[in-house]
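Given next are the chains, with one letter for each unit.
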2 protein chains.
Amino acid sequence: MRKNVVFLLVLCMIASFLVPMVIQAQEKVVIGVSIPAATHGWTGGINYWARVTQERLRGTYPNLEIILVTAGSAAEQANGLEDLYAIHNIDALVILPFESDPLTDPVEVLKQQGVFITVVDRGLVKDGIADIYVAGDNHALGRVSGEYMVEALGGQGNIVVLRGIPTVIDNYRFDSFMEVVEKSDIEVLDWQYANWNRDDGFQVMQDFLARFPNIDAVWAQDDDVALGVIEAVKQAGREKELFIVGGAGMKEMVAMVMAGDPLIPVDVLYPPAMIATGMEVTALYFVSNASVLGEYILDATLVTPENAHLYYFPDSPF
Amino acid sequence: MRKNVVFLLVLCMIASFLVPMVIQAQEKVVIGVSIPAATHGWTGGINYWARVTQERLRGTYPNLEIILVTAGSAAEQANGLEDLYAIHNIDALVILPFESDPLTDPVEVLKQQGVFITVVDRGLVKDGIADIYVAGDNHALGRVSGEYMVEALGGQGNIVVLRGIPTVIDNYRFDSFMEVVEKSDIEVLDWQYANWNRDDGFQVMQDFLARFPNIDAVWAQDDDVALGVIEAVKQAGREKELFIVGGAGMKEMVAMVMAGDPLIPVDVLYPPAMIATGMEVTALYFVSNASVLGEYILDATLVTPENAHLYYFPDSPF
């Protein structure tokens, strides 16, 4: 009898914890996810992780409906937002904006309708719209790459640098890299923009190889560019002379790191799985009482032969 | 027949998504959570949210085991960490350190054993130990409080300020507040330390009331201090003359905001539910492939009569 009373008391205590969850679990919540179409490698990864996460969340939380839409341009993405609200009646939006400027006003319109807003990677140009902001750490990507370069070269040698597209993001990465490297005896022979593009990476590197007879390392900053650099280096037969540091976490590069390829000894993460993070923390807003409003800045993790298996996803296109 | 083939294909596609989840779901994962005992209001909230989240995660992910331990001192917390590893064999640790200095080495020992480390609120004194860092935004707490003060007073008037314990956190809050207020015509009559303590808040405010015949607003920075301030103001019968801005999101204060009490028109969040955030994102590391390594800095949300219901938790002790 006494045991039963204790049991009932324990049940009541547990029930009092569960009440808020149960109430939430009955409500249907619709989360819209708007991302660029898979036009290049990294956005291919974004599309893959958005789909994987849609499935995971569906399986875990039956009351969450996740509507995933892709767009081929900023204008198409803005139009898609209207549909998400008018047709699907979304409670929350997770968006990786095609471009910051043209998406700011359309997202703000949804915010004013009471939609919860999570922005991933590229911020909007106006403060106060995003409830959650999830992004990679561009400063750290440059710093971590620079620190590896200094360590691997023993603080001296000749390097060349291929930058991205002239943007604030590229400046953050480059300035943080240079800040580290300038404290060493490493000489940066030259830097050129390669626009986060494989073909440009190939051409810029061909030029570097023609001009500089002695290159110890290449900072390509981006894995697409690094693929072009690898091609140019191999065509010139100079792959024994140097190593290359890219950036992002592309499957092919992580595989080379994992295999111990001396040409690609490490990679630095700027992971497309950040869209998964944005979707997961948005889901937490509805299924838990955890505090989620804020900024979640993901590490630029150095991928080495030791940890590469954690970042190799064979099913991902990127 | 054709329909069956399509159906099978769809099943295969879904299965290929589910494979990584299923593999993970079979592994038992143990997460240790180490927090200070409920010695004052805010840590009472920490304990409440840790328990609520333990239940939520148990209900959602049967393969996660969450071991929750509390400590009355930094030394007790350090000893408890050894037990978490030696007895419970934890895969991950979520810790809100009692103090930063004495916990840094004990946490680093676990890190070196391969334990995944999430640090909440008070950082460790050494970089590179925490895989995830979750915290409130002390700069924003000061800034948001200052911005409200300027707006509510129309940019002019006399205020007094009660600071916390002389620490880096208090400096961040105070400096950010002053930066905003100094751009207005508001005069800060005086500031004194009230040590995030109700009794000190009462005494400091009694002194301010005796010295200044005309006070338009009080920045108490903390809800425990604000309770002491309220008491002093009511004893002096001067509650019609001024308003008070605290900070944290204490239940009693949020209730007053919700009720439209002119003495407590707003509150600013530094939510104890951040322990829930730390536990949830640590769980995501094991149950999803979302990128979670990084820093999650939570907003200092302004609690107003319009949104107070979102931040009022009647079952919480805080």
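Our structure is the block above this text.
Residues numbered from 1 in each chain as written. Chains lettered and ligands numbered in written order. Predicted model: local features only at pLDDT ≥ 70, side-chain atom pairs only at ≥ 80, totals over all residues. Heavy atoms only, no water.

1. Some details on the packing of helix H5 (residues 138–152) of chain B against helix H6 (residues 168–181) of chain B
Residue and element names in this part refer to chain B. With their axes 7 Å apart at the nearest point, H5 and H6 run at an angle of 30 degrees to one another. Between H5 and H6, the crossing angle belongs to the class labelled roughly parallel. Judged by the twist between their axes, the crossing of H5 over H6 is right-handed. Mapping the contact onto sequence places Asn138, His139, Leu141, Gly142, Arg143, Ser145, Gly146, Glu147, Met149 and Val150 in H5 and Ile169, Tyr172, Arg173, Ser176, Phe177, Val180 and Val181 in H6. Considered class by class, the residues forming the contact of H5 with H6 number eight nonpolar, six polar and three charged. (Axes fitted to C-alpha atoms, helices over the stretch in contact; angles between N-to-C directions. Helix = DSSP H or I, 4+ residues; strand = E, 2+ residues; numbered from the N terminus. Parallel < 35°, antiparallel > 145°, perpendicular 65-115°, else oblique. Left-handed = near helix turned anticlockwise from the far one by under 90°. Contact = heavy atoms within 4.5 Å. Nonpolar A, V, L, I, M, F, W, Y, C, P; charged D, E, K, R; others polar.)

2. Thoughts on the relation of the copies chain A and chain B
A rotation about some axis, followed by a shift along it, carries one copy of the chain onto the other. Take chain A, turn it by 180 degrees, move it 0.0 Å along the axis, and it overlays chain B with an RMSD of 0.0 Å. Each copy turns onto its partner about a two-fold axis. Closest to the rotation axis within chain A is the C-alpha of Tyr296 of chain A, separated from it by 2.1 Å. A shared binding surface is used by both copies, with 100% of the interface residues of chain A retained as interface residues in chain B. (Least-squares fit on C-alpha atoms with pLDDT ≥ 70 in both.)

3. Some details on the sheet that holds strand S9 (residues 243–245) of chain B
Residue and element names in this part refer to chain B. Read across the open sheet, the four strands follow the order S7-S6-S8-S9; overall the sheet is parallel. A single partner strand is all that each edge strand has here, and the edge strands are strand S7 (185–193) and S9. Neighbour-to-neighbour, the strand axes of the sheet open up by a mean angle of 20 degrees, direction not taken into account. Across three bridges, strand S8 (residues 217–219) lies against S9 in parallel orientation. Note that in S9 the partner of Ala217 across the bridge is Phe243. Contacts between helix H7 (residues 198–211) and the sheet are confined to strand S6 (156–163), S7 and S8, with S6 contributing the most and set at about 150 degrees to the helix. (Pairing = 2+ DSSP bridges.)

4. Looking at the sheet that holds strand S11 (residues 294–298) of chain A
Backbone hydrogen bonds hold the strands of a sheet together, and the pairing may be parallel or antiparallel. Strands sit in the order S2(A)-S1(A)-S3(A)-S4(A)-S5(A)-S11(A)-S11(B)-S5(B)-S4(B)-S3(B)-S1(B)-S2(B) across an open sheet of twelve strands; the sheet is mixed. Each end of this open sheet is capped by a strand with a single partner; those strands are strand S2 (64–71) of chain A together with strand S2 (64–71) of chain B. With strand direction ignored, the average angle separating the axes of adjacent strands in the sheet is 15 degrees. For strand S4 (residues 116–120) of chain B and strand S5 (residues 132–136) of chain B, the ladder comprises three bridges, and the chain directions are parallel.

5. What to know about the pattern of salt bridges
All names here are of chain A. Enumeration over the complete set of coordinates arrives at 22 salt bridges over all chains. Two residues, Glu108 and Lys126, come together in a salt bridge whose shortest N-O distance is 2.9 Å. Taken together, the residues span a long stretch of sequence, with Glu108 in helix H4 (residues 100–112) and Lys126 in the loop between strand S4 (116–120) and strand S5 (132–136) at a distance of 18 residues. A relative accessible area of 17% means that Glu108 is categorised as buried. With a shortest N-O distance of 3.7 Å, Arg143 and Glu147 are connected by a salt bridge. (Salt bridge = Lys/Arg side-chain N within 4 Å of Asp/Glu carboxyl O. Buried < 20%, exposed > 50% of the residue type's maximum accessible area, 1.4 Å probe, protein only.)

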